[in-house]
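A look at the structure
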Amino acid sequence: MTDAATLQAENARLQAQLQEKDALLQSRERHIQTLEELIKQFNRKQFSASSEKLSKDQLDLGLFNEAESSDVDEGQNR
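Conventions we followed
- Residues numbered from 1 in each chain as written.
- Predicted model: local features only at pLDDT ≥ 70, side-chain atom pairs only at ≥ 80, totals over all residues.
- Heavy atoms only, no water.
- Helix = DSSP H or I, 4+ residues; strand = E, 2+ residues; numbered from the N terminus.
- Buried < 20%, exposed > 50% of the residue type's maximum accessible area, 1.4 Å probe, protein only.
- Salt bridge = Lys/Arg side-chain N within 4 Å of Asp/Glu carboxyl O.
- pLDDT = per-residue confidence, 0-100.
- Patch = residues over 30% accessible without salt bridge, like charges linked within 9 Å, V, L, I, M, F, W, Y side chains within 5 Å.
- Areas by Shrake-Rupley, 256 points an atom, 1.4 Å probe, with all protein chains shown as cover.

Remarks on the overall build of the chain
Helices and strands together make up the secondary structure of the chain, namely three helices and zero strands. Secondary structure of the chain in N-to-C order comes out as α-α-α. Looking at the chain as a whole, 0% of its 78 residues are labelled buried.

Shown next as structure tokens:
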């Protein structure tokens, strides 16, 4: 049979190990939370209404002026 001192030492070692794992778990949970917040920020930036605005270069190409070009075509056909 194992004596009380050995059991107490084993108990103390296991408690210390548990505390270390708890600290590691909390650290990882904070890291995950930070990463989730970054993902939310990136998604808001990428998919927000401002991401749909056309740049001056895109507007200069004339690809998005269908209504204006159809008006011009109708005016020429009259």
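Regarding the pattern of salt bridges
By the definition in use, this model includes two salt bridges. Across the pair Arg-13 and Glu-10 runs a salt bridge whose closest N-O atoms are separated by 2.7 Å. Taken together, the positions of Arg-13 and Glu-10, both in helix α1 (residues 4-47) and three residues apart, correspond to about one turn of that helix. For Arg-13, a relative accessible area of 45% corresponds to the partly exposed category. Look at Glu-10 and you get partly exposed, because its relative accessible area is 38%. Lys-40 is paired through a salt bridge with Glu-37; the nearest N and O atoms lie 3.8 Å apart. With a gap of three residues between them, Lys-40 and Glu-37 both fall in helix α1, about one helical turn apart.

Topic: the confidence of the model for the chain
The predicted model of the chain averages 81 in pLDDT, with 63% of residues at 70 or higher. The least confident element of the chain, judged by mean pLDDT, is helix α3 (residues 66-77) at 59; the most confident is α1 at 96.

Some words on a nonpolar patch on the surface
On the surface, a nonpolar cluster with roughly 280 Å² of combined accessible area is contributed by Leu-35, Leu-38 and Phe-42. Relative to the elements of secondary structure, Leu-35 occurs in helix α1. We classify Leu-35 as partly exposed; its relative accessible area is 40%.

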